[in-house]
Amino acid sequence: MDLIDPFIWQLVIVPILTIGTGVLIALRFEKAYIAPLITLVLNLAIEMTMGLAYYGTLTSPSS
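Residues numbered from 1 in each chain as written. Predicted model: local features only at pLDDT ≥ 70, side-chain atom pairs only at ≥ 80, totals over all residues. Heavy atoms only, no water.

### So, the side chain of Thr 18
Here is step 1 of the chain: Structurally, the position occupied by Thr 18 is in helix H1 (residues 6-29).
Here is step 2 of the chain: Taking the relative accessible area as the measure of exposure, Thr 18 reaches 4% and is therefore buried.
Here is step 3 of the chain: At 2.9 Å, the side chain of Thr 18 and the backbone oxygen of Val 14 are in polar contact.
Here is step 4 of the chain: Once residues lying within four places of it in the same chain are set aside, the contact partners of Thr 18 are Thr 39, Leu 42, Asn 43 and Ile 46. (Helix = DSSP H or I, 4+ residues; strand = E, 2+ residues; numbered from the N terminus. Buried < 20%, exposed > 50% of the residue type's maximum accessible area, 1.4 Å probe, protein only. Polar contact = N/O pair within 3.5 Å; in protein donor to acceptor, adjacent residues only side chain to side chain. Contact = heavy atoms within 4.5 Å.)

As structure tokens, then:
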């Protein structure tokens, strides 16, 4: 991830990946309550993966 600017990563890529995927899955299954759950799970997964990549250990979520 050293090639992507952290500003762009946090403000463009992560929201598109998490929110976009959550909305697409909710539309596919026609259940509105799925979108926030998928968004939360994907955001936690991305955040913990990035913590593991940068710090070498599994860190707790920041927010």
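### Here's the deal with unusual backbone geometry
Here is step 1 of the chain: Positive phi is not limited to glycine here, since Glu 30 has a value of about 55°.
Here is step 2 of the chain: You can see Glu 30 is positioned in the loop between H1 and helix H2 (34-55).
Here is step 3 of the chain: Given the relative accessible area of 71%, Glu 30 is considered exposed.

### What to know about the packing of aromatic side chains
Here is step 1 of the chain: Tallying each qualifying case throughout the model produces zero aromatic pairs.
Here is step 2 of the chain: Its guanidinium or amino end placed over the ring of Phe 29, Arg 28 lies 5.9 Å from that ring's centre, counting from NZ or CZ. (Phe/Tyr/Trp six-rings, centres within 6.5 Å; stacked < 30°, edge-to-face > 60°. Lys NZ or Arg CZ within 6 Å of the ring centre and 35° of its normal.)

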